[in-house]
Amino acid sequence: MSLVEWPRTVDDAIALQERLRTQVITTSAPDLHIDTVAGLDVGYRDTGLCNDSVVGVCVVFDAKTLAVLDEVVVEGTTDFPYIAGLFAFREMPVLLQALDRATVTPDLLVADGQGIAHPRRFGLACHLGVHTGIPSIGVAKNPMGRFDPPGTKRGSTSDVVMDGADGDEVVGRALRTQDGVKPVFVSVGHKIDLDRACTEVLRLAPRYRLPETTRRADTLTRQSASPAGS
DNA sequence: GCGACAG
DNA sequence: ATCTTGTCGC
């Protein structure tokens, strides 16, 4: 595959997000069955600059047993600097390559970052979902909005809100995946509703704070970016 | 002008 | 994201 009209400037990137945000669907299809879930993540060598060497990872899990069905690691480079809000333009290319090489087409994509919990309501998870047509969600370690601490028990949630045209907008949820741990921040990417998104994340995180998808993808990421790879 | 700001 | 060992605690 290839990306059509991929922006090179900040202005073009923002314009593209403004144009694509209208395509996002925040509801689940009646027949949405999630049997396989993919965790996507990117690792870096030299950060901050533009042409950094990166490693894209796609790990596919059996949603029910959490068994790993496939793992793909792709090396590449990025030509976009890290800018909060334009994060997707840095990771999308290599992530799509990794996803393409997977032998199993996942029913759900779990991105390391935000979905619609984004200044223009179009974070990385939305980019991935709209581009592929596959339902997607964003699971971030840090919030992109205001929220009150959720209850202390696993499964507790609280709304994450951001300023919108009509006042406050609920853009995601702070979700406690384990008793007493810092919550993760879940937001819809595409073709799935927030409740379902949280349910899936809880199922993916039976033991640790972060879902197995991001944990495994993260491990593979540095296993190929730090030691003696490339 | 100042502080915030996913990975 | 990344630099990075041992250590405090359940």
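Predicted model, so just to flag it, every value in this text is computed and none were measured.

Cut-offs used in this document
Residues numbered from 1 in each chain as written. Chains lettered and ligands numbered in written order. Predicted model: local features only at pLDDT ≥ 70, side-chain atom pairs only at ≥ 80, totals over all residues. Heavy atoms only, no water. Buried < 20%, exposed > 50% of the residue type's maximum accessible area, 1.4 Å probe, protein only. Helix = DSSP H or I, 4+ residues; strand = E, 2+ residues; numbered from the N terminus. Pairing = 2+ DSSP bridges. Right-handed = clockwise from strand over helix to strand, strands pointing away. Near = heavy atom within 4 Å. Polar contact = N/O pair within 3.5 Å; in protein donor to acceptor, adjacent residues only side chain to side chain. Nonpolar A, V, L, I, M, F, W, Y, C, P; charged D, E, K, R; others polar. UniProt positions renumbered as here; feature names shortened; annotations may be inferred. Contact = heavy atoms within 4.5 Å.

**Student:** Teacher, can you tell me more about the pairing of strand β4 (residues 108-111) here?
**Tutor:** Regular strands have side chains that alternate between both faces of the sheet. Neither face of β4 is open: one carries Leu-108 and Val-110, the other Leu-109 and Ala-111, and all of them are buried. Examined bridge by bridge, strand β1 (residues 36-44) and β4 share four bridges and lie parallel to one another. Note that in β4 the partner of Gly-39 across the bridge is Val-110. Of the pairings in the sheet, the one linking β4 to strand β5 (residues 136-140) comprises three bridges and is parallel in character. Of the residues in β5, the one forming a bridge with Leu-109 is Ser-136. Of the crossover connections in this fold, the one passing from β4 over helix α3 (residues 124-132) to the parallel β5 is right-handed.

**Student:** Sorry, what's going on with the protein's contact with DNA strand B here?
**Tutor:** Near DNA strand B, the surroundings consist of 17 residues, among which Gly-85, Phe-87, Gln-114, Lys-141 and Asn-142 are the closest. For DNA strand B, a sugar or linking oxygen lies 3.2 Å from a polar atom in the side chain of Asp-112. Here the surface near DNA strand B is composed, by residue class, of eight nonpolar, six polar and three charged.

**Student:** Please clarify how the UniProt feature "site: Interaction with target DNA" (unreviewed entry) in chain A should be interpreted in this entry.
**Tutor:** The positions UniProt marks with the feature "site: Interaction with target DNA" (unreviewed entry) are Tyr-82. As for its position among the elements, Tyr-82 is in the loop between β3 (68-78) and α2 (88-100). In this view, Tyr-82 contacts Phe-87 and Arg-90; residues no more than four positions away in its chain are not counted.

**Student:** How do you make sense of the pairing of β1 when you look at a structure like this?
**Tutor:** When you tally the buried positions in β1, you get eight out of nine residues, the bulk of the element. By the bridge criterion, nine bridges tie β1 to strand β2 (residues 52-62) in an arrangement that is antiparallel. Across the sheet, Leu-40 pairs through a bridge with Cys-58, a residue of β2.

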